[in-house]
Amino acid sequence: MIEKIYNKNYHLLTEVYMSKNRAEEFLNTFKKTADFVKELLQENEKLRYQIANLQEELRSYKEKGVGVDAHAQCIAKIAELEAEKNEILNKIREVEAENKSFAEKYIEVENENNNLANLYIASYQLHSTLNFKEVVQIIMEIVINLIGAEIFVLYLLDEKSNELSPVATEGIELSEVTNIKLGKGIIGKSAKTGENYFSEIIPIYENFNQDSPIACIPLKIKEHTIGVIAIYKLLVQKSTFNELDYELFTLLAGHAATALFSAKLYTESERKLSTIQGFIELLTK
Amino acid sequence: MAKIEILVVEDSPTMRQLIVFALKRLKDVNVTEASDGVDGLKKLSNKQFDLLIADINMPIMDGLKLVSLVRQDPKYSNMPIIIVTTEGADEDRKRGLTLGANAYLTKPVQTTQLIATVKELLKLP
């Protein structure tokens with residue numbers, strides 16, 4: 001009996017105990033659900049607030065007349081700025097090109113200036129003396145230092161014999177050079193016509209060949225030729241003539257011719273003067 | 001401010017004038033001229049120079065001899081030297097630079113090239 005009562009109580013106690021556990025479990029789930037619903041409600045409230053704000057913003061834009069047009073206006077503004085940017089870039093390119101052109105012109109002017117300075121000094125030196133030998137020496141220096149010639153001959157025209165006689169040489173002995181008839185060969189023709197001669201191809205120099213110069217520059221006073229500079233070889237570092245050489249040659253040839261002519265006249269007049277003085281002395285003795 | 005002292009040793013008066021004229025374009029430069037190596041040495045002993053420009057082919061004493069003698073002088077061991085010459089062969093260039101020249105320019109020398117070399121060696125703006 002006692003055992004029956006015990007067993008019944010035990011079952012009851014177990015059931016009570018289990019019911020208690022289920023209730024706790026239910027309560028927990030209920031609490032969690034309540035929290036979640038609360039959270040959802042809060043979130044919902046926030047969203048409603050945001051929607052209200054956006055609606056308010058939209059209403060304000062509509063009132064101001066902005067709206068869908070704003071987008072189009074922004075695109076138009078971007079296009080305008082883009083065009084402005086391209087215009088500025090083009091202007092920068094133009095300025096850069098102009099700068100480049102100015103820099104090139106500056107170099108050109110600088111070179112021209114240097115050449116004029118060289119020409120001025122050369123002509124100043126040529127006219128600095130009336131001594132024939134000194135003038136010849138200056139011509140030789142100019143041809144070596146300004147033109148860059150290694151082997152060349154300065155011929156002067158003897159009007160009586162119509163022959164070109166060598167008066168100075170560089171890189172070759174004077175004795176190795178002979179007279180040339182006016183009009184004969186490249187040198188003679190250059191002297192006769194008064195025209196510069198430049199060989200189209202500068203051959204490799206092997207031996208001295210008097211009739212094959214690479215350049216001939218007649219020394220002229222107006223149209224009157226008084227001599228010729230014949231170049232046979234350039235300095236090793238100078239492979240060819242440049243544009244400037246042609247101009248320099250012509251300009252220097254004019255100065256060299258007048259300097260030579262003046263010096264020759266002066267020397268002759270000096271000689272005549274001393275002869276006359278000798279005669280006078282003889283007569284007055 | 002003290003002027004930059006440059007000595008030009010060149011036997012050709014025309015070439016000397018061309019070099020002097022080019023150098024005078026530089027600011028605060030004083031140029032002294034000498035007609036050969038011996039004349040150059042004499043002028044170097046009388047005054048302190050900042051730069052020497054010398055030709056090679058000169059009477060009495062050539063430019064190479066001048067360069068080697070100048071380099072032996074402790075006073076001028078660091079002075080920049082420019083050789084301006086008609087001798088354009090590689091061996092001549094090597095010889096000049098080995099003897100102590102800082103630059104080797106061949107004739108016909110361009111003024112712009114000469115000025116640029118001078119500026120570079122003297123560290124001028």
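For clarity, every value in this text was computed on a predicted model and none was experimentally measured.

So, the overall build of chain B
Okay, so step 1: Secondary structure assignment for chain B yields 5 helices and 5 strands.
Okay, so step 2: Helices and strands appear in chain B in the N-to-C order β-α-β-α-β-α-β-α-β-α.
Okay, so step 3: The globule rule puts the C-alpha radius of gyration for 125 residues at 14 Å, and the 13 Å found for chain B is close to it.
Okay, so step 4: Along the three orthogonal principal directions, the C-alpha set of chain B runs to about 40 × 30 × 25 Å.
Okay, so step 5: Here chain B holds 125 residues, and 42% of them are scored as buried.
Okay, so step 6: Across chain B, the fraction of contacts at a sequence separation of at least 24, relative to all contacts at a separation of at least 6, is 61%.

Focus: the pairing of strand β5 (residues 215–221) of chain A
It is a general feature of regular strands that their side chains alternate between the two faces of the sheet.
Residue and element names in this part refer to chain A.
Okay, so step 1: Within β5, 6 of the 7 residues are buried, which leaves the element mostly enclosed by the surrounding structure.
Okay, so step 2: Taken together, the 2 bridges between strand β4 (residues 197–198) and β5 define a ladder with antiparallel strand orientation. The partner of Tyr197 across the bridge, within β5, is Cys216.
Okay, so step 3: Here β5 folds back onto strand β6 (residues 224–234) in antiparallel fashion, the turn holding 2 residues, of which Lys222 has a positive phi close to 55 degrees.

What to know about the interface of chain A and chain B
Okay, so step 1: Every contact between the two is made by 18 residues of chain A and, on the other side, 15 residues of chain B.
Okay, so step 2: If you list the elements that add at least two residues to the side of chain A that touches chain B, you get α2 (68–126) and α3 (132–147) of chain A.
Okay, so step 3: Of the residues that constitute the side of chain A that touches chain B, the class distribution is 10 nonpolar, 6 polar and 2 charged.

As for unusual backbone geometry
Okay, so step 1: Here Lys107 of chain B and Pro108 of chain B are connected by a cis peptide whose omega angle stands at 0 degrees.
Okay, so step 2: Within the secondary structure, Pro108 of chain B sits in the loop between β5 (103–106) and α5 (111–122).
Okay, so step 3: Although it is not a glycine, Asn162 of chain A adopts a positive phi angle of roughly 55 degrees.
Okay, so step 4: Looking at where Asn162 of chain A falls in the secondary structure, it is placed in the loop between β1 (149–158) and β2 (163–170).
Okay, so step 5: A positive phi angle is found at Lys123 of chain B, which is not glycine, with a value near 55 degrees.
Okay, so step 6: Relative to the helices and strands, Lys123 of chain B resides in the segment after α5.

Description of the confidence of the model for chain A
Interpretation of the predicted coordinates at a detailed level should be avoided for regions scoring low in pLDDT.
Okay, so step 1: Per-residue pLDDT for chain A averages 89, and the proportion of residues at 70 or more is 95%.
Okay, so step 2: Mean pLDDT across the secondary structure elements of chain A bottoms out at helix α1 (residues 2–64) of chain A, with 82, and peaks at β2 of chain A, with 97.

Concerning helix α4 (residues 185–193) of chain A
Since one α-helical turn is 3.6 residues long, residues separated by three or four positions face the same way.
Residues and elements named next belong to chain A.
Okay, so step 1: Looking at α4, one finds that the buried residues are Ile187, Gly188, Ser190 and Ala191. Buried residues along α4 cover an arc of 160 degrees about the axis, so they all sit on one side.
Okay, so step 2: Residues of α4 that are buried sit in contact with β1, β2, β3 (180–181), β4, β5 and β6.

Description of the environment of Lys220 of chain A
All names here are of chain A.
Okay, so step 1: Within the secondary structure layout, Lys220 lies in strand β5.
Okay, so step 2: On a C-alpha basis, the gap between Lys220 and Ala70 in space is 83 Å, while along the polypeptide they are 150 residues apart.
Okay, so step 3: Sequence-distant contacts of Lys220, defined by excluding residues within four places in its chain, comprise Gly194, Thr225, Ala253, Gly254 and Ala257.

A closer look at the confidence of the model for chain B
Residues and elements named next belong to chain B.
Okay, so step 1: The predicted model of chain B averages 95 in pLDDT, with 100% of residues at 70 or higher.
Okay, so step 2: Per-element averaging of pLDDT across chain B places helix α1 (residues 13–23) at the bottom with 94 and strand β3 (residues 51–54) at the top with 98.
Okay, so step 3: The ipTM value of the predicted complex is 0.89, and its pTM value is 0.74.

Thoughts on the environment of Glu108 of chain A
Residue and element names in this part refer to chain A.
Okay, so step 1: Relative to the elements of secondary structure, Glu108 occurs in helix α2.
Okay, so step 2: By C-beta crowding, Glu108 is classed as exposed, having 10 other C-beta atoms within 10 Å.
Okay, so step 3: In this structure, the C-alpha to C-alpha distance between Glu108 and Val135, residues 27 residues apart in sequence, is 31 Å.

Description of the nonpolar core
Okay, so step 1: Val228 and Ala230 of chain A together with Leu52 of chain B are the most contacted members of the largest nonpolar core, which has 77 residues in total.
Okay, so step 2: In this view, Ala230 of chain A contacts Phe152, Val153, Tyr155, Ile187, Pro213 and Cys216 of chain A; residues no more than four positions away in its chain are not counted.

Overview of the sheet that holds strand β1 (residues 4–9) of chain B
All names here are of chain B.
Okay, so step 1: Reading across the sheet, the 5 strands line up as β2-β1-β3-β4-β5 and stay open at both edges, with parallel pairing between neighbours. Only two strands of the sheet have a single partner each, and these edge strands are β2 (29–34) and β5. Across the sheet, the axes of successive neighbouring strands diverge by a mean angle of 20 degrees, strand direction being ignored.
Okay, so step 2: Relative to β5, strand β4 (residues 81–85) runs parallel, the two sharing 4 bridges. Of the residues in β5, the one forming a bridge with Val84 is Leu105.
Okay, so step 3: α1 rests against β1, β2, β3 and β4 of the sheet, and its axis sits at about 170 degrees to β2.
Okay, so step 4: Docked against the sheet, helix α2 (residues 37–46) engages β1, β2 and β3, running at close to 160 degrees with respect to β1.

Thresholds applied
Here the residue numbering is sequential within each chain, running from 1 through the sequence in written order. For naming, the first written chain is A and the first written ligand is 1, with later ones following in the order written. Totals for whole chains, interfaces and linings use all residues, but because this is a predicted model, local features are given only for residues with pLDDT of at least 70 and pairs of side-chain atoms are given and counted only at 80 or more. For the purposes of this entry, the term helix denotes a DSSP run of H or I that reaches at least four residues, the term strand denotes a run of E that reaches at least two, and both are numbered from the N terminus. This radius of gyration counts C-alpha atoms alone. The globule rule is 2.2 Å times how many residues there are, raised to the power 0.38. With C-beta atoms placed from the backbone, a residue counts as buried when 20 or more other C-beta atoms lie within 10 Å of its own, as exposed when 12 or fewer do, and as partly exposed for counts between those limits. Contacts here follow a simple rule: the backbone-placed C-beta atoms of the two residues must lie within 7 Å. DSSP bridges decide pairing: two strands pair if at least two such bridges lie between them. Charged means Asp, Glu, Lys or Arg here, nonpolar means Ala, Val, Leu, Ile, Met, Phe, Trp, Tyr, Cys or Pro, and polar covers whatever is left, Gly included. Residue-level confidence of the predictor, termed pLDDT, takes values from 0 up to 100. Read the arc as the range of directions from the helix axis to the C-beta atoms. Any nonpolar core is a set of buried residues, restricted to Ala, Val, Leu, Ile, Met, Phe, Trp, Tyr and Cys, that join up through C-beta atoms within 7 Å. Axes here mean lines fitted to C-alpha atoms, for a helix over just the part in contact, with angles spanning 0 to 180 degrees between N-to-C directions.

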